[in-house]
Each structure stands twice: as C-alpha cells, then as structure tokens.
Amino acid sequence: MPEKFLLLLLFLPFVGSIVTALLWRTAARTLPAWLAGGVALAATILTAFYYPSVTNGKIVRFEIAWLPELGLNFTLRLDGFAWLFTMLVTGIGFLVVVYARYYMSAEDPIPRFFSFLLAFMGAMLGIVLSGNIILLAIFWELTSIFSFLLIGYWYHNANARDGARMALTITGIGGFCLLIGFLLLGHIVGSYDLDEILAAGEVIQQHSLYLPALVLILMGALTKSAQFPFHFWLPNAMAAPTPVSAYLHSATMVKAGVFLLVRLWPALSGTFEWFWLVGIAGISTLVLGAYFAIFQRDLKGLLAYSTISHLGLITTMLSLGSPLAAVAAIFHMVNHATFKASLFMAAGIIDHETGTRDMQKLSGLFRFMPYTATLAMVACAAMAGVPLLNGFLSKEMFFAEAVETHADSILDRALPYLATLAGAFSVAYSIRFIHTVFFGPPPTDIPNPHPHEPPRWMRFPVEFLVFACLIVGIVPSLSIGPFLGTAVISVLGSDTPQYSLHVWHGVNLPLVMSVIAMIGGTILYFALHRYLAHAEDGPPIFRHLRGQRIFERILVTVSWKWARWLEANLGTRRLQPQLRLVAGISFLAAFVPLYFSGFEAKLPPLTGVDPAFAMLWAIGMLSALSAAVVAKYHRLAALLMIGGAGIVTCVTFAWLSAPDLAITQLLVEIVTTVLLLLGLRWLPKRLGKVDDSTSFTARIRRLRDFAIAATCGVGMSILAYAVMTLPVPDTIANYFLEHAYTEGGGRNVVNVILVDFRGFDTMGEIAVLGIVALTVFALLRRFRPAVESIEVPEQQRIQNAYDHDQPERQEGDTVRDYLLVPSVVMQWLFPVIITFAIFLFMRGHDLPGGGFAAGITMAIAFLLQYLGGGTRWAEDRLRILPLRWISLGLLVAVATGAGSWFLGYPFLTSHSQYLTLPLIGKVPAATALLFDLGVFVLVVGATVLILIAIAHQSIRTYRVKTPPKPEDA
Amino acid sequence: MELILSLGIGIMTGSGVWLILRPRTYQVIIGLSLLSYAVNLFIFGVGGLKVNAPAILTDGVPVSAYTDPVPQALVLTAIVIGFATTALFLVVLLASRGLTGTDHVDGREQSQ
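Residues numbered from 1 in each chain as written. Chains lettered and ligands numbered in written order. Predicted model: local features only at pLDDT ≥ 70, side-chain atom pairs only at ≥ 80, totals over all residues. Heavy atoms only, no water.

### As for the overall build of chain B
Point 1. Looking only at helices and strands, chain B features three helices and zero strands.
Point 2. Traced from its N-terminal end to its C-terminal end, chain B shows the element sequence α-α-α.
Point 3. A globule of 112 residues ought to have a C-alpha radius of gyration of about 13 Å, yet chain B, at 19 Å, is considerably larger.
Point 4. Projected onto its principal axes, the C-alpha coordinates of chain B cover approximately 65 × 25 × 15 Å.
Point 5. Of the contacts formed within chain B by residues at least 6 apart in sequence, a portion of 55% connects residues at least 24 apart.
Point 6. Total accessible area on chain B stands at roughly 3,600 Å², and carbon and sulfur atoms take up 64% of it. (Helix = DSSP H or I, 4+ residues; strand = E, 2+ residues; numbered from the N terminus. Rg over C-alpha atoms; globule rule 2.2 N^0.38 Å. Contact = heavy atoms within 4.5 Å. Areas by Shrake-Rupley, 256 points an atom, 1.4 Å probe, with all protein chains shown as cover.)

### What about the overall build of chain A?
Point 1. On a plain count of helices and strands, chain A comes out with 40 helices and four strands.
Point 2. Seen along its three principal axes, the alpha-carbon backbone of chain A occupies a region of about 115 × 70 × 70 Å.
Point 3. With 969 residues in all, chain A has 53% of them scored as buried.
Point 4. For chain A, the proportion of contacts with a sequence separation of at least 24, taken over those separated by at least 6, is 78%.
Point 5. If you sum the accessible surface of chain A, you get close to 43,000 Å²; carbon and sulfur atoms cover 68% of it.
Point 6. Side chains of chain A carry 63 positive and 58 negative charges; the gap between the two charge centres is 9 Å. (Buried < 20%, exposed > 50% of the residue type's maximum accessible area, 1.4 Å probe, protein only. Lys, Arg positive; Asp, Glu negative; His and termini not counted. Charge placed at Lys NZ, Arg CZ, Asp CG, Glu CD.)

### So, the packing of aromatic side chains
Residues and elements named next belong to chain A.
Point 1. Evaluation of the coordinates by the stated rule reveals 41 aromatic pairs over all chains.
Point 2. Where Phe11 meets Phe74, the ring centres are 6.3 Å apart and the plane angle is 15 degrees; that geometry is what we call stacked. Note that Phe11 is positioned in helix H1 (residues 5-21) and Phe74 in strand S2 (residues 72-78), a separation of 63 residues in sequence.
Point 3. Overall, the relative accessible area of 37% leaves Phe11 in the partly exposed class.
Point 4. Considering the side-chain rings of Tyr735 and Phe736, the 5.8 Å spacing of their centres and the 70 degrees angle between planes classify their relative orientation as edge-to-face.
Point 5. Through a chain of ring-to-ring contacts, the aromatic side chains of Tyr291, Phe292, Phe295, Tyr305, Phe425 and Tyr531 assemble into a single cluster. (Phe/Tyr/Trp six-rings, centres within 6.5 Å; stacked < 30°, edge-to-face > 60°.)

### Quick look at a positive patch on the surface
Point 1. On the surface, Arg546, Arg549, Arg553 and Lys561 of chain A cluster together to form a positively charged patch.
Point 2. A residue is classified by how much of its surface remains accessible, and Arg553 of chain A, at 57% relative accessible area, is exposed. (Patch = residues over 30% accessible without salt bridge, like charges linked within 9 Å, V, L, I, M, F, W, Y side chains within 5 Å. Salt bridge = Lys/Arg side-chain N within 4 Å of Asp/Glu carboxyl O.)

### Considering the interface of chain B and chain A
Point 1. The partner chain A presents 107 residues to the 79 residues of chain B that form the contact.
Point 2. With both chains or domains summed, chain B and chain A bury close to 8,700 Å², and 77% of this area falls on carbon and sulfur atoms.
Point 3. When the area that chain B buries against chain A is broken down by residue, the three leading residues are Tyr26, Leu57 and Phe83 of chain B, summing to 9%.
Point 4. The interface formed by chain B and chain A holds three salt bridges in total.
Point 5. Close ionic contact of Asp106 of chain B with Arg574 of chain A constitutes a salt bridge, the shortest N to O distance being 3.5 Å.
Point 6. Between the two partners, chain B and chain A, sit 14 residue pairs in polar contact (both at pLDDT 80 or more).
Point 7. Ranked by the residues each element gives to the side of chain B that touches chain A, the list is headed by helix H3 (residues 69-100) of chain B, at 24 residues.
Point 8. Split by residue class, the side of chain B that touches chain A holds 51 nonpolar, 19 polar and nine charged. (Buried area = accessible area lost by both parts, 1.4 Å probe. Polar contact = N/O pair within 3.5 Å; in protein donor to acceptor, adjacent residues only side chain to side chain. Nonpolar A, V, L, I, M, F, W, Y, C, P; charged D, E, K, R; others polar.)

### Here's the deal with helix H15 (residues 272-294) of chain A
Point 1. With 23 residues, H15 of chain A should reach 33 Å at 1.5 Å per residue; the first-to-last C-alpha distance of 33 Å fits that figure.
Point 2. Roughly 25 degrees is the biggest bend found in H15 of chain A, and it falls at Gly279 of chain A. (Expected span 1.5 Å × (residues − 1). Bend = angle between axes of the 7 residues up to and from the residue.)

### What to know about the packing of helix H32 (residues 749-757) of chain A against helix H40 (residues 927-952) of chain A
All names here are of chain A.
Point 1. Taken N-terminus to C-terminus, the directions of H32 and H40 make an angle of 85 degrees; their axes are 9 Å apart at the nearest point. By the criterion of interaxial angle, the relationship of H32 to H40 is roughly perpendicular. For the pair H32 and H40, the contacting residues are Asn751, Leu754, Val755 and Asp756 in the first and Ala928, Phe931 and Asp932 in the second.
Point 2. In terms of residue class, the contact of H32 with H40 is built from four nonpolar, one polar and two charged. (Axes fitted to C-alpha atoms, helices over the stretch in contact; angles between N-to-C directions. Parallel < 35°, antiparallel > 145°, perpendicular 65-115°, else oblique.)

### Thoughts on the pairing of strand S1 (residues 60-67) of chain A
Regular strands have side chains that alternate between both faces of the sheet.
Residue and element names in this part refer to chain A.
Point 1. Pairing of S1 with S2 involves seven bridges; the strand directions are antiparallel. Each bridged residue has a counterpart across the sheet, and for Glu63 the counterpart in S2 is Thr75.
Point 2. Where S1 hands over to S2, the hairpin turn is made up of four residues, of which Gly71 adopts a positive phi near 75 degrees. (Pairing = 2+ DSSP bridges.)

### Here we look at the packing of helix H30 (residues 696-725) of chain A against helix H1 (residues 2-20) of chain B
Point 1. Where H30 of chain A meets H1 of chain B, the closest approach of the two axes is 7 Å, and the angle between their N-to-C directions is 150 degrees. Judged by the inter-axis angle, H30 of chain A sits roughly antiparallel to H1 of chain B. Read as a crossing pair, H30 of chain A and H1 of chain B show a hand that is right-handed.
Point 2. Each residue belonging to the contact of H30 of chain A with H1 of chain B can be placed in one class, and the counts come to 14 nonpolar, seven polar and three charged. (Left-handed = near helix turned anticlockwise from the far one by under 90°.)

### Quick look at unusual backbone geometry
Residues and elements named next belong to chain A.
Point 1. The linkage connecting Phe228 with the following residue, Pro229, adopts the cis geometry, with an omega of 5 degrees.
Point 2. Position of Pro229 among the secondary structure elements: in the loop between helix H10 (210-224) and helix H11 (233-236).
Point 3. With a phi angle near 55 degrees, Ala226 is a residue other than glycine that sits in the positive phi range.
Point 4. In this structure, Ala226 sits in the loop between H10 and H11.
Point 5. Classification of Ala226 by relative accessible area gives buried; the value is 0%.

### Digging into helix H37 (residues 851-869) of chain A
Point 1. For H37 of chain A, which comprises 19 residues, the first-to-last C-alpha distance of 27 Å matches the rise-based estimate of 27 Å (1.5 Å per residue) to within 8%.
Point 2. Buried residues dominate H37 of chain A, accounting for 17 of its 19 residues.

### Overview of the pattern of salt bridges
Point 1. Scanning all chains against the criterion turns up 21 salt bridges over all chains.
Point 2. Here Arg635 of chain A and Asp103 of chain B are joined by a salt bridge, their closest N and O atoms 3.3 Å apart. With one member in each of two chains, Arg635 of chain A in helix H28 (residues 635-655) and Asp103 of chain B in the segment after H3 form a pair that bridges those chains. For the residue pair Arg635 of chain A and Asp103 of chain B, the accessibility class agrees, reading buried in each case.

### Here's the deal with the confidence of the model for chain A
Point 1. Scored by pLDDT, chain A comes out at a mean of 87, with 94% of its residues at no less than 70.
Point 2. Predicted confidence is poor over residues 962-969 of chain A, with pLDDT under 50, and the contacts of this stretch with residues over four places away or in other chains come to eleven contacts. (pLDDT = per-residue confidence, 0-100.)

### Let's talk about the confidence of the model for chain B
Point 1. Predicted confidence across chain B gives a mean pLDDT of 87, with 98% of residues reaching 70 or more.
Point 2. Note on the complex model: pTM 0.71, ipTM 0.95.

### A closer look at the side chain of Thr315 of chain A
Point 1. Along the polypeptide, Thr315 of chain A turns up in helix H16 (residues 299-319).
Point 2. Beyond its immediate chain neighbours, meaning those up to four positions away, Thr315 of chain A contacts Leu222, Gln227, Val258, Leu261, Val278 and Gly282 of chain A.

### Notes on the environment of Gly493 of chain A
Residue and element names in this part refer to chain A.
Point 1. With respect to the helices, strands and loops of the structure, Gly493 is situated in the loop between helix H23 (481-492) and helix H24 (509-534).
Point 2. Judged by relative accessible area, Gly493 falls into the partly exposed class, the value being 34%.
Point 3. Distance from Gly493 to Arg704, taken between C-alpha atoms, is 72 Å for residues 211 residues apart in sequence.

### Digging into a nonpolar patch on the surface
All names here are of chain A.
Point 1. A surface patch of nonpolar side chains, about 630 Å² in accessible area, is lined by Leu388, Phe467, Leu470, Ile471, Ile474, Val475 and Leu478.
Point 2. Examining the composition of the nonpolar patch, we find that four residues originate from one element, helix H21 (residues 456-474), more than from any other.
Point 3. Note that Ile474 resides in helix H21.

### What to know about the environment of Tyr192 of chain A
All names here are of chain A.
Point 1. Along the chain, Tyr192 falls in the loop between helix H7 (158-189) and helix H8 (194-198).
Point 2. Here Tyr192 falls in the buried class, since its relative accessible area comes to 18%.
Point 3. Counting along the chain gives 295 residues from Tyr192 to Ala487, while the straight-line C-alpha distance between them is 22 Å.

### Describing the nonpolar core
Nonpolar side chains in soluble globular proteins tend to be buried together.
Point 1. One finds Phe182, Trp233, Leu268 and Phe433 of chain A to be the most contacted residues of the largest nonpolar core, which totals 201 residues.
Point 2. Counting residues per element, this core draws most heavily on helix H17 (residues 323-354) of chain A, at 19 residues.
Point 3. Among all residues touching Phe433 of chain A, those that are not within four sequence positions of it are Leu299, Leu302, Leu303, Leu343, Met359, Ala376, Cys380 and Phe438 of chain A.
Point 4. Counting residues in each nonpolar core, the second largest holds 135 residues, with Leu616 and Ala949 of chain A together with Val91 and Leu93 of chain B among its members. (Core = buried A, V, L, I, M, F, W, Y, C linked by side-chain atoms within 4.5 Å.)

### Digging into the side chain of Ser306 of chain A
All names here are of chain A.
Point 1. Turning to its location among the elements, Ser306 is positioned in helix H16.
Point 2. Within the structure, Ser306 has its side chain in polar contact with the side chain of Lys340 (distance 2.6 Å).
Point 3. Apart from the residues lying within four places of it in its own chain, the contact partners of Ser306 are Ala293, Lys340, Met383 and Tyr429.

Here it is as structure tokens:
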C-alpha cells in the first residue's frame with residue numbers, strides 16, 4: 001500500500017462527518033447510518049490492506065512539511081501496534097454504527113449523532129497514526145471535544161450536560177498537561193518526531209527534566225484513561241447514549257491513555273519514578289474500581305467501574321517495566337475492548353427493551369431474551385476471566401507477572417495478593433450482572449413490561465464480538481497470535497520476549513490464583529446478594545466520598561469564589577485608574593532598566609539651538625499646553641490647538657528632511673480636523689460646571705494626575721534627547737538605501753520600503769484601516785445621538801428665523817447661500833485635486849508621494865464637495881460607494897502579491913522596469929506600483945467611508961426620545 | 001535642534017498623558033492625538049535628525065548622507081492608522097454620549 005493512503009484513512013472519517021452533518025435537514029434515519037457505516041467499513045478494509053507493510057517491525061511513514069523550522073511536521077506513522085489499534089478503532093466503530101442504527105430512536109437528531117461519532121473516529125485515528133507528538137496532542141484534545149459533544153448528545157438532560165462538562169474539564173486539563181509534557185520531551189530530545197523520541201530513551205531518562213515531563217505526560221494519560229484519582233468522570237459520562245459508551249468509554253477513547261503509555265514505553269519506562277507513579281495509580285484503580293463496581297445499581301455504572309478497573313490492570317502491567325508485562329498489557333487492551341464493547345451493547349439492549357438499567361428492578365430476563373442473555377453471559381465470563389475465553393489469557397499473563405519480582409518494594413510484594421483480590425471482585429460483579437438481570441422471578445417493576453429479543457442486526461455486533469472472544473480464547477495462537485506479535489515487535493523491538501499464548505500451561509501459581517479468585521468472588525457475591533438487592537447505590541463508606549462532589553466544590557471555588565474575589569479586589573471598570581496604571585507601568589518599564597544601566601552619565605552636553613526652530617516649537621508647545629487646559633470646556637478651541645501642534649509636527653518633518661511624512665501629516669491633519677468638527681455637531685454643549693472642582697479629593701486627584709503627566713513628560717524628554725544624540729549603530733537602513741533602487745526600482749526609499757521590502761506589513765495595515773472604516777460605518781448605522789443635539793443647530797435656527805421674517809425670502813435661503821463663493825470654488829477644485837492625487841500617486845516610487853498620501857488627497861476631493869455643496873447636494877450628484885473601493889483596494893493588493901506565486905516567487909515579490917509612454921516619457925512600472933494602487937484605492941475608500949458616515953448623520957431624521965428604526969441607515 | 005525637539009516631545013507627552021487621565025471623553029480624544037504626535041516624532045527621531053539631507057536617492061551620494069528611511073516608513077503608516085483610530089474613538093464617544101446621556105469616560109458621573 002502506498003503511504004499516502006494513510007492521509008485518506010485519517011481524513012475519510014472527517015469528510016464523512018461533514019457530509020453526515022449536512023444531512024441534518026433530512027428526516028431519513030437510515031441514510032446517515034449507511035454513510036457512517038460505509039465510512040467505517042472502508043476505513044477498516046483500508047487498514048487491513050496495510051497489514052503486510054507493518055509486519056516484522058516495519059513502519060509506514062507519510063510526511064508533509066508543515067513548520068519544519070519549528071520541528072513541526074504533519075507526520076503519519078503506522079507500525080504494528082498502531083495497526084492493531086487502528087483495526088480496533090475502525091472495526092469496533094463499524095459495529096457500533098450498525099448497533100446505533102437500531103438503538104437511536106426516531107425522535108433523536110440522527111445525523112448529528114453519526115457526524116460526531118465519525119469525527120471522533122477521525123480524531124482517534126489521528127492519535128493512533130500521529131508520528132509527531134504535537135500533532136498527537138492536537139488529536140488528543142479533539143477526542144476530548146468530541147467526547148464532550150457525544151456525552152452531551154441528549155443535552156436536554158441535566159445529567160448529560162454535567163457529565164459532559166466534567167469529562168471535558170478533567171480530560172481537557174489532562175490534555176493541557178500532556179501538551180506541556182510533550183513540549184518538555186521535545187526540548188529534551190531536540191525533536192518532536194516520535195521515532196527520534198523512541199530512540200532517545202536513555203537521553204530522556206538521564207535528563208534533569210525527566211521527572212516534570214513524566215509527571216505531566218502521566219497527567220494526560222491517567223486522566224484520559226480514568227485512573228484513580230481522576231476516575232470519577234467516567235461513571236458520569238454514562239449519561240451518553242449507549243453506543244457512545246460502548247465505543248468511546250470502553251473500547252477506544254479511554255484506551256488512548258494506556259495507548260500513549262505503551263507508545264512511549266520504550267522512551268519513558270523502566271525507571272524508579274515510572275514504577276511508583278504509574279504503579280500506584282494502576283493498582284489503586286484496579287482494586288478500587290473493581291470494588292466500586294460490585295455496588296453499582298446501574299448496569300452501565302457497573303460496566304463503567306469495571307472499565308476503570310481493567311484500565312487500572314493495564315496500567316499496572318505497564319508500570320512493571322518488564323517486556324512480558326507490556327505484551328500482556330497490549331493483549332489485554334484488545335481483549336477488554338472486545339468483551340466490554342459487547343457488554344455495553346447488551347446493557348443497551350436491556351435498557352432499550354425494558355426501559356430501565358436499575359439492577360434492583362431487573363430480574364429474570366432470560367425467559368424473554370434467551371439469545372441476548374447467552375451472549376451477555378459469555379462476555380461476562382470473559383470479563384471475569386473464565387478459561388477458554390480471551391479475558392482468561394491476558395489475566396493469567398498478568399497474574400504470572402504479578403508474582404514475578406520487578407523492583408523489590410512493598411508495592412511489588414503486595415501485588416500478587418492485590419491482583420487476586422481484584423480478580424475476586426471482578427468475578428463477583430460479573431456474577432452479579434448475570435444473576436440479577438437474567439435469573440430469578442420475572443420483573444415486576446419495569447417501565448416496559450413486555451421485553452423481547454432485539455432486531456436481528458442490532459444483535460449482530462454483540463454476536464460478532466462474543467464470537468471473537470471465544471475464538472481468541474480457544475485458539476489464541478491461530479487467531480490473534482500473529483497480529484499481537486506484530487504489535488509487540490513494533491513496540492519492544494529487540495527486547496521482544498518469548499511468550500506463549502496457550503490456554504493450558506499446567507498447574508502453576510497463576511492458575512491457583514485464578515481458582516482462588518473464582519471461588520472467592522462467587523462466595524463474595526452470594527454473601528452480598530441480599531444486601532445488594534436493597535442497598536443504596538454505591539459502595540459502603542466510599543459512597544459518601546464522592547469525587548464528583550469534590551470536583552464540583554473545587555470548580556465552584558476556583559471559577560466563582562476566587563474569580564469574584566480577584567475581580568472585586570484587583571479589577572475596576574473605571575477607565576481612569578486603568579489608564580493611570582498604563583501610564584505608570586509604561587514609565588517604570590522605561591525608567592527601571594535605564595536607571596540600572598546608569599545611562600544618564602553618557603548623555604552629551606546640551607548644545608545647538610536654532611532660533612527659528614525654537615520659535616516654531618514655542619508655538620508647538622504652547623498649542624499642546626493650551627489644548628490640555630481648554631479641552632474640557634472649549635472643545636473647538638482645543639481642536640484648533642491640536643491642529644496647531646499638528647502643523648508644527650508637519651513642519652518639523654519637512655525641516656528634518658522627511659518630505660513624505662510632512663505631506664502625509666498635512667493631509668491627515670486636514671481630514672482629522674474635519675472629522676472632529678463633524679463630530680462636534682453631535683456633542684452637546686456643556687451647560688454649567690461638572691465636577692466639584694474645589695473639593696479636597698478632587699484637588700488631590702488632579703495633583704496626582706499632574707505629577708504623573710509631568711513625570712512622563714520629563715522622562716520622555718530625556719529619553720528622546722538620549723535617543724537622538726547618542727551615536728546610532730549600523731542599522732538595516734543601509735541595506736534599504738543600497739538596495740532600494742537596484743532591487744525595488746524606486747528612488748523614494750520610504751515608499752519602496754512600504755510597498756516592496758515591507759509590503760506584507762503594509763498589507764496588514766491597510767487591512768486594519770479597512771476594518772476600522774467598516775466598524776465606524778457599522779457603529780453609525782444604529783447611531784443614536786444625544787437628545788440635546790438632535791434639533792437643528794442654533795445658528796441654522798437663527799438663519800431660518802431671519803428668512804421667515806423677510807417677506808421676499810424663502811426659509812432655508814440663507815443656509816443654502818452660506819459661503820456661496822468658496823463653495824463654488826471648492827466644486828471647481830474637484831478635478832484639480834483629483835489630478836493632483838494621481839500626480840502624487842504616480843511619482844510616489846521616485847519622489848515624495850505614494851499611495852497613502854494620494855489616497856487621502858483623493859478623499860479630500862470628495863470631502864470638499866460635501867463641505868461646499870452640503871450633504872444632500874453631494875449625494876445627489878456623486879455615488880461614491882466607498883465599500884466597493886475598500887474591497888477593490890484590498891483585492892488589488894492581495895492579487896498583486898499572489899501574482900508572484902504564479903511566477904514561482906514568494907508572496908509579494910515585486911518586479912520593476914520602466915515603460916516609455918507617448919507624450920509622458922519614461923514612467924516606472926514596477927509591480928509594486930500595482931500594490932500601491934491597492935493601497936491608494938483602499939485609503940480612499942476607508943477615509944471617505946468614515947467621513948461620509950459621520951457627515952451623513954446630519955440628514956437623517958431622528959425622532960426625539962424614541963429610538964430610531966433599526967434599518968434606518 | 002535635538003534639545004528643542006525632545007523638549008517639545010516631552011511637553012506633548014505630558015499634555016497628552018494629563019488629558020487621557022481626565023474624566024471627559026473629548027479630553028481623552030484630544031490627549032490621544034497629542035500623544036500620537038509625540039510618539040511619531042519620537043520614532044522619527046530614533047533615526048537621527050538631519051537637516052537638508054537628500055530624501056531621494058541620487059547617484060553619487062554616499063549612503064550615510066541620507067536620512068534613515070525605516071522610522072519614516074513606520075511613522076507614515078502610523079499617521080494614517082492614527083487617523084483611523086481617532087475616527088473610531090470619536091464614533092464610540094458620540095454613541096456613548098447618546099446612549100448614556102453623559103460624556104464621562106465611564107458612561108456615568110462619578111458619585112463622590
């Protein structure tokens with residue numbers, strides 16, 4: 001099989017998921033199931049064909065460079081172990097789809113179910129097939145998310161919502177830890193590639209970061225596999241539809257944790273820390289899970305705790321660090337998936353037929369559904385580890401390993417006893433399942449009193465899985481043997497031990513342990529039988545210690561109490577304290593490092609005062625200071641003052657050899673002033689004084705603000721002086737100056753930087769400009785001005801009153817004739833300014849000018865028409881459509897950039913040459929000019945859109961006191 | 001030259017900071033404008049101040065004679081973006097004045 005089919009295998013379920021999701025409108029119940037089943041079956045078959053490519057430790061790799069600089073590649077990797085797991089995921093996935101087709105009722109939204117199920121399958125395949133651990137972490141989180149969506153499938157049910165949230169929180173936190181652990185691991189090894197990590201076991205275990213990395217990775221694995229003390233999410237996840245429980249919460253997703261432990265086994269295992277951390281988690285989960293399972297009333301609850309216990313068993317085996325135990329662990333993963341999935345399906349059938357899962361109500365169902373009962377009994381026997389079934393084989397291997405001494409310690413010595421005890425518990429709960437549900441008198445208290453056998457094909461998946469249990473249990477070496485061998489070799493490589501999969505090994509210690517567990521478990525069950533028939537849910541004593549409640553208490557404390565405390569004590573919704581903080585922190589951020597580097601000693605003496613420049617700046621400083629003083633009560637005066645400061649800035653640019661900046665500053669100054677003037681129309685006059693300005697606290701506040709402002713000002717002065725006088729080291733400027741003409745084809749270096757060298761930045765900037773303009777436009781669509789400013793302004797009212805009093809004048813004449821001569825001049829200037837804009841644009845590459853300046857000039861041309869003729873007059877004559885200008889500008893810029901792809905260059909590579917046009921002569925024709933055209937068009941559109949949106953407000957009609965109609969734009 | 005310009009930047013910064021700490025929205029918008037002048041001039045000044053330096057590449061002039069074009073390119077876009085943010089803030093200011101009936105930055109008068 002070619003390796004690129006791995007990509008197909010991975011994406012098939014995702015594509016299927018999207019297609020299924022698109023069926024949500026159809027009422028068809030079978031179509032989504034057919035689709036999902038088809039996808040799962042195709043994936044299974046595809047996987048099966050890969051088998052010859054993975055035998056004997058061979059690996060199929062498929063790699064797409066993603067971010068190779070960061071060591072992140074989209075690597076897919078299939079080896080024997082991954083193949084076995086892929087078969088489980090796809091094969092059991094197919095069976096679950098078949099089962100779910102009959103399980104889901106007609107009222108449920110079927111397409112959503114199958115869509116999530118397929119997406120989950122894709123995510124799970126992603127975990128299994130990832131050859132890069134970061135990629136693995138991504139798929140890991142995806143499984144958590146789809147598990148959340150599937151548990152919460154019946155979201156009208158509060159238990160489902162709570163269970164889903166809990167599962168997501170626990171596995172999400174685990175996934176986050178896992179990611180950090182992986183980053184550490186990648187740091188240790190120097191690569192995120194799985195093959196390199198597996199080969200670097202010694203390096204990892206010697207490294208000082210081994211323990212933190214191990215703990216974090218184990219957090220991920222143990223939460224996912226519901227190991228103690230994170231086990232409690234799994235029983236709560238049983239609120240999911242039963243097919244989900246069978247698939248995610250027994251066969252696949254919860255196995256992801258142990259899968260990862262096996263996957264990283266060669267790299268991480270074998271150390272003292274590994275043994276203790278994994279071992280304690282595994283053994284306590286094994287024993288406690290089995291113990292808890294006995295006392296569940298809910299059938300699915302029993303199976304959930306049993307799953308937890310079996311996962312604990314696998315974890316325990318992996319903790320031992322011996323190759324034989326690893327073989328047993330891999331074997332048991334497969335066995336457990338087979339019998340537990342079938343048991344969940346059987347539990348679902350019972351629930352489906354009787355309407356309850358409460359074991360205190362269920363009884364004597366054998367007479368109603370003998371066939372299902374037989375299947376469930378066989379599966380239960382496999383779970384209990386009865387000979388001739390698959391569960392027996394892996395359990396015997398476990399017992400054999402438990403007896404062996406691995407690391408001499410209390411844990412190791414206690415293991416055989418604990419293992420036998422857990423075995424006895426598992427026998428007890430298996431018998432309880434069978435005995436209470438299928439035997440005894442007919443049930444009296446069930447919602448559906450006439451249960452019967454399920455449809456033929458609903459039973460098929462159970463039959464298939466139980467058949468597999470039997471085959472593997474009776475002739476292991478002929479059925480699972482070769483596949484298991486392939487998987488084991490791919491994990492253990494040269495360490496692969498000798499093992500035999502025979503049913504009969506003679507009378508030995510493991511067999512004795514099994515017999516003791518069988519007899520002990522049976523006795524235990526019948527001793528507890530009467531108690532269990534009436535007891536409360538949950539094991540004695542422990543039922544009061546509920547992980548769920550602890551979890552919720554913690555959640556409330558962290559997300560509610562602490563958060564509120566922090567918000568109340570450290571937060572404020574008031575702007576002024578926030579800005580004070582910003583100003584203070586900015587000052588300190590500049591001051592502290594400079595102070596400690598002792599830079600003030602290096603400052604050159606104060607020299608060189610040009611009197612004309614000093615006069616200029618005397619005006620500038622005066623403007624700035626008076627703006628600060630008058631901004632509160634005299635808005636127009638403040639606007640004029642900052643206009644003055646702006647002009648001084650503009651002259652400074654011109655003075656200091658920056659003509660481009662001077663032009664742009666001047667033009668922007670014009671539009672900003674007009675903009676604020678337009679805004680002033682809607683800002684009502686302040687009547688009377690606000691603020692009690694003489695109060696003591698107000699004075700203190702002002703004094704403090706003045707101190708902050710003065711400090712910032714002084715600091716900025718010193719900093720600016722230092723920056724401007726200290727010698728400038730070599731900068732990238734020289735590069736730009738040397739290459740602007742040779743490579744950018746322009747003599748105006750500033751413009752060449754903007755449209756060529758740093759074209760990508762410019763593209764981002766014009767995008768921002770467009771977004772801001774659109775935001776302004778959107779905000780003004782629903783604009784509701786201050787009530788006081790809705791009426792016609794006072795001046796207009798005086799003028800209208802004058803017209804009204806004169807018999808020969810019509811009302812509105814004076815307003816219309818206002819500034820008649822200047823407005824005619826403005827109208828006549830329209831073509832002149834446009835020509836000037838084009839001139840600025842064309843010369844931009846070689847002389848001061850360019851797209852930005854030209855765009856604003858063009859916008860001013862439009863603006864003058866509004867000023868001269870009035871909004872109505874201008875809109876009657878000009879249809880500007882600034883939204884189209886914005887989109888066109890952005891498209892031109894992007895298209896120019898993308899154009900270089902077609903010639904095989906990176907985005908925004910420019911080409912320059914000169915063209916000779918008749919009459920005009922030589923003109924530059926760099927592709928950067930085309931990009932600059934995009935800038936120009938966008939700047940025109942954005943500026944015009946902003947200004948017109950505000951100008952347009954004056955001709956909208958507002959109803960006083962009532963909100964305007966929403967669509968009144 | 002440097003001394004005057006840095007004093008000017010300092011005065012503009014001080015006035016701007018004072019204004020953005022004031023409670024009226026219009027004061028804040030004027031303060032932001034002043035701050036943006038100051039910051040633009042500062043960034044421009046990073047490249048060093050040169051009077052009568054050629055702004056356009058001319059053959060035969062050494063590279064060291066030109067002004068530094070990089071801060072200029074930065075400032076040029078900053079000027080245009082500054083206009084856009086002023087416009088955005090102005091519209092928010094007007095809307096807030098219309099919705100809350102006050103021009104206090106917090107949308108309601110301080111009760112102290």
